[in-house]
Amino acid sequence: MSQSEDSQILYSHGHVLRELGHYERAISKYDEILQTQPNDFKAWSCRGYALEGSGHYDEAITSFERAIAFQPKFAPAWQGKGIALAKLSRYEEALTSFDRALKLQPDDYRAWQNHGKALMGVCRYKDAIASFDKVLALKPDSYKAWYNKAVALSCLNCYTEALDSLNNALVIKPGCYYAWNYRGMVLAKLERFDESLA
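Given the structure is predicted, the values throughout are model-derived calculations rather than measurements. (Residues numbered from 1 in each chain as written. Predicted model: local features only at pLDDT ≥ 70, side-chain atom pairs only at ≥ 80, totals over all residues. Heavy atoms only, no water.)

1. Description of the overall build of the protein
Okay, so step 1: Scanning the protein from N- to C-terminus turns up twelve helices and zero strands.
Okay, so step 2: Secondary structure of the protein in N-to-C order comes out as α-α-α-α-α-α-α-α-α-α-α-α.
Okay, so step 3: Taking the principal axes of the C-alpha coordinates as reference, the protein spans close to 65 × 30 × 25 Å.
Okay, so step 4: Put simply, the protein has 198 residues, and 45% of those count as buried.
Okay, so step 5: Residue pairs at least 24 apart in sequence account for 45% of intrachain contacts in the protein once pairs closer than 6 positions are excluded.
Okay, so step 6: When the accessible area of the protein is evaluated, it comes to approximately 10,600 Å², of which 52% is carbon and sulfur surface.
Okay, so step 7: The average position of the 24 basic charges and that of the 24 acidic charges among the side chains of the protein differ by 2 Å. (Helix = DSSP H or I, 4+ residues; strand = E, 2+ residues; numbered from the N terminus. Buried < 20%, exposed > 50% of the residue type's maximum accessible area, 1.4 Å probe, protein only. Contact = heavy atoms within 4.5 Å. Areas by Shrake-Rupley, 256 points an atom, 1.4 Å probe, with all protein chains shown as cover. Lys, Arg positive; Asp, Glu negative; His and termini not counted. Charge placed at Lys NZ, Arg CZ, Asp CG, Glu CD.)

Written out as structure tokens, the structure reads:
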């Protein structure tokens with residue numbers, strides 16, 4: 001088997017392990033690739049996502065930075081770095097990373113979603129709503145974007161609009177317990193107590 005075929009197998013194994021939540025085992029697969037191909041920016045990025053998934057945010061940032069050093073135009077590494085930074089509540093730095101990712105891939109709804117959540121972390125709710133609207137323009141069935149928009153609207157005391165967003169989220173995903181829970185809180189803010197208890 002060639003080195004390229006070996007790498008593809010290791011990538012496949014790493015991806016499956018990461019999707020199953022076996023992060024440490026996934027990391028070891030990416031490390032195997034990097035032993036023979038230390039400049040493989042995709043392996044560094046995949047390793048970063050596995051580290052982020054396992055809660056090792058600082059190490060994840062280091063892996064994403066290695067990927068970016070080898071390929072500065074690789075948007076998934078910028079986005080991954082932003083996710084890890086946001087998990088550490090380093091929202092301004094996260095926003096810088098998400099901005100870079102969005103310059104490279106402006107139609108990536110996930111990057112817009114993460115961008116909006118980071119904006120909420122710094123209490124920039126109007127800007128966050130604009131990011132969630134961008135998600136919804138790209139992926140109208142994103143219940144998470146409808147939910148996050150509702151949270152941002154609530155932070156601005158726009159409870160009627162928040163309720164509309166929550167209702168949209170629940171049409172898309174009726175079993176979303178946290179949207180139901182938040183809907184009850186918004187109804188209480190609107191003093192619609194009978195509905196909030198239903």
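Next comes the rest of the write-up.
2. Digging into the pattern of salt bridges
Charged atoms that come close allow side chains of opposite charge to pair.
Okay, so step 1: This structure, assessed with the given rule, holds nine salt bridges.
Okay, so step 2: We note a salt bridge from K81 to E65, for which the minimum N-O separation is 3.2 Å. Residue K81 is located in helix α5 (residues 75–87), and its partner E65 is located in helix α4 (residues 57–70); the two are separated by 16 residues in the primary sequence.
Okay, so step 3: Given a relative accessible area of 37%, E65 falls into the partly exposed group. (Salt bridge = Lys/Arg side-chain N within 4 Å of Asp/Glu carboxyl O.)

3. Some points on the layout of surface pockets
Okay, so step 1: Here the largest pocket is characterised by a volume of approximately 750 Å³.
Okay, so step 2: Along the wall of the largest pocket there are 25 residues; nearest its centre are Q79, I83, R110, N114 and K117.
Okay, so step 3: Of the residues forming the lining of the largest pocket, the biggest block, six residues, is contributed by helix α7 (residues 109–121).
Okay, so step 4: Class assignment of the residues belonging to the lining of the largest pocket gives a composition of eleven nonpolar, six polar and eight charged. (1 Å grid on protein atoms, 1.4 Å probe; cavity = no way out; pocket = protein on both sides within 12 Å on 5 of 7 lines; lining within 4 Å. Points joined across faces, edges and corners; volume = space filled by probe spheres on them. Nonpolar A, V, L, I, M, F, W, Y, C, P; charged D, E, K, R; others polar.)

4. A short note on the side chain of D108
Okay, so step 1: Tracing the backbone shows D108 in the loop between α6 (91–104) and α7.
Okay, so step 2: A polar atom in the side chain of D108 sits 3.2 Å from the side chain of Q79.
Okay, so step 3: Ignoring any residue separated from it by four or fewer positions in sequence, one finds D108 in contact with Q79, L102 and L138. (Polar contact = N/O pair within 3.5 Å; in protein donor to acceptor, adjacent residues only side chain to side chain.)

5. Notes on α4
Okay, so step 1: In this model, α4 (14 residues) spans 20 Å end to end at C-alpha, consistent with the 20 Å of a helix rising 1.5 Å per residue.
Okay, so step 2: Listed as buried for α4 are A60, I61, S63, F64, A67 and I68. Looking straight down α4, one finds that the buried residues subtend no more than 165° of arc, so they occupy a single side.
Okay, so step 3: Turning to α4, the residues buried within the fold contact α3 (41–53) and α5. (Expected span 1.5 Å × (residues − 1). Arc of directions from axis to C-beta.)

The values reported here are purely geometric and, on their own, carry no functional implication.
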